Amino acid sequence: MTHINIAGLELGQEIGTKEFLITRDSLVRYAGASGDFNPIHYRDDFAKSVGLDGVLAHGMLTMGVAVQVVADWVGDAGKIIDYGVRFTKPVFVDANDGAVVVVTGKVGNINAETNEVRIDLSVVFNETSVLGKAQAVVRL
Amino acid sequence: VVNPNVEGKKYPATEPYLVGREKIREFAHAVKSTNPVNLDVFAAQAAGYVDLVAPTTFAVVIQERSLATVLSDPEADIDFSRVVHGDQRFVHVRPIVAGDELTSTLKVASVKSLGAHSMVTFETEIFDVNNELVSTAISTLVVRGGE
């Protein structure tokens, strides 16, 4: 069940955009939910000791958050059958202000035969793209 | 830095992982999902699923269990403190749902060296209790070389 009619879609069409605030609280939640307890995601002293500017978000958190724009659009997250990203830049999460990540999805490919649509995501933090080749395929 | 001979090596199946409803909700909140099929059993069932649907990237939890077996393999010789996640992909045959009992097997798809660094690509296949393929998780880790 979906409200989307594949025949009405156009290449390059924007399907949605959303700002996500990622805070230190978000990182602790994601660590617990995913089991990734690498201290670079919650300890400034540790992050600095390995040469980072500070605590950064789990790449997998950014990836998991970004695809929500696709899930919101399609309505049923179970229709997302393929999703890949390249981690190109870190998202540093300030202890007070967190980090704002802006996600925008556009139609990248339409396959009417298989009823599949590829959504290309732009994921931006501090005016810099942090995920490369972020693409999700939805089977409508 | 990573032993190139582990290319092609397959690791045995992990112990079964039982996907719980509350674990799905916890993960869904963590990735800021508001998608009804991730959170509301009635919405998931109305959409045709037997139970809550796991978020798209939930399979990472299963992948981690397989990766742990490689990272502790002395033959592979991967220094986890030098690992950076390069890229990640999930291909789902069907969504993971609450109640699934999943095992995974991992194959080292490739080991490449890039100057002092190594790039290792892992393919984790995730199977349900009937041994049907549910998802494949493909992960490339960059292992930084020593100075």
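The text that follows walks through the structure, step by step, so that each part is easy to find. Predicted, not measured: the structure shown is a model, and the values here were computed from it.

Digging into unusual backbone geometry
For residues other than glycine, phi is negative in most cases, and the peptide bonds are mostly trans.
Thought 1: If you check the backbone angles, N115(A) has positive phi at about 65 degrees while not being a glycine.
Thought 2: Positionally, N115(A) belongs in the loop between β3 (99-111) and β4 (116-125).
Thought 3: Relative accessible area serves as the criterion here: at 27%, N115(A) is assigned to the partly exposed category.
Thought 4: Phi angles above zero are rare outside glycine, and N131(B) is one such case at about 65 degrees.

Some points on the interface of chain A and chain B
Thought 1: Each partner contributes to the interface: chain A provides 32 residues, whereas chain B provides 30 residues.
Thought 2: As a salt-bridge pair, D82(A) and R89(B) come within 2.5 Å of each other at their nearest N and O atoms.
Thought 3: The tally of links from chain A across to chain B stands at 14 residue pairs in polar contact (both at pLDDT 80 or more).
Thought 4: Within the residue set of the side of chain A that touches chain B, elements represented by two or more residues are β1 (14-22), α1 (24-34), α3 (59-66), α4 (68-74) and β2 (80-87) of chain A.
Thought 5: A per-element tally of the side of chain A that touches chain B places β2(A) first, with 8 residues.
Thought 6: The residue inventory of the side of chain A that touches chain B, partitioned by class, reads 18 nonpolar, 8 polar and 6 charged.
Thought 7: The pairing of β2(A) with strand β3 (residues 83-92) of chain B spans 5 bridges and is classified as antiparallel.

What to know about the pairing of strand β6 (residues 133-143) of chain B
Residues and elements named next belong to chain B.
Thought 1: With 8 of its 11 residues buried, β6 lies for the most part within the structure.
Thought 2: In this structure, β3 lies alongside β6, joined through 9 bridges in antiparallel fashion. Along β6, the bridge assignment pairs H85 with L141.
Thought 3: In the sheet, strand β5 (residues 117-127) pairs with β6 via 10 bridges, with the strands oriented antiparallel. In the strand pairing of β6, T121 is matched with T140.
Thought 4: Two successive antiparallel strands, β5 and β6, enclose a turn made up of 5 residues, where N131 displays a positive phi of approximately 65 degrees.

Side note on the pattern of salt bridges
All names here are of chain B.
Thought 1: Overall, the coordinates contain 15 salt bridges over all chains when judged by the stated rule.
Thought 2: Put simply, R21 and D51 hold a salt bridge, and the shortest N to O gap is 2.9 Å. Separated by 30 residues along the polypeptide, R21 in helix α1 (residues 21-30) and D51 in the loop between α3 (41-46) and α4 (59-71) bring together distant segments of the chain.
Thought 3: A relative accessible area of 37% places R21 in the partly exposed class.
Thought 4: Three or more residues joined by partner-sharing salt bridges are found here, namely K9, D73 and E75.

Conventions used here
- Residues numbered from 1 in each chain as written.
- Chains lettered and ligands numbered in written order.
- Predicted model: local features only at pLDDT ≥ 70, side-chain atom pairs only at ≥ 80, totals over all residues.
- Heavy atoms only, no water.
- Helix = DSSP H or I, 4+ residues; strand = E, 2+ residues; numbered from the N terminus.
- Buried < 20%, exposed > 50% of the residue type's maximum accessible area, 1.4 Å probe, protein only.
- Contact = heavy atoms within 4.5 Å.
- Salt bridge = Lys/Arg side-chain N within 4 Å of Asp/Glu carboxyl O.
- Polar contact = N/O pair within 3.5 Å; in protein donor to acceptor, adjacent residues only side chain to side chain.
- Nonpolar A, V, L, I, M, F, W, Y, C, P; charged D, E, K, R; others polar.
- Pairing = 2+ DSSP bridges.

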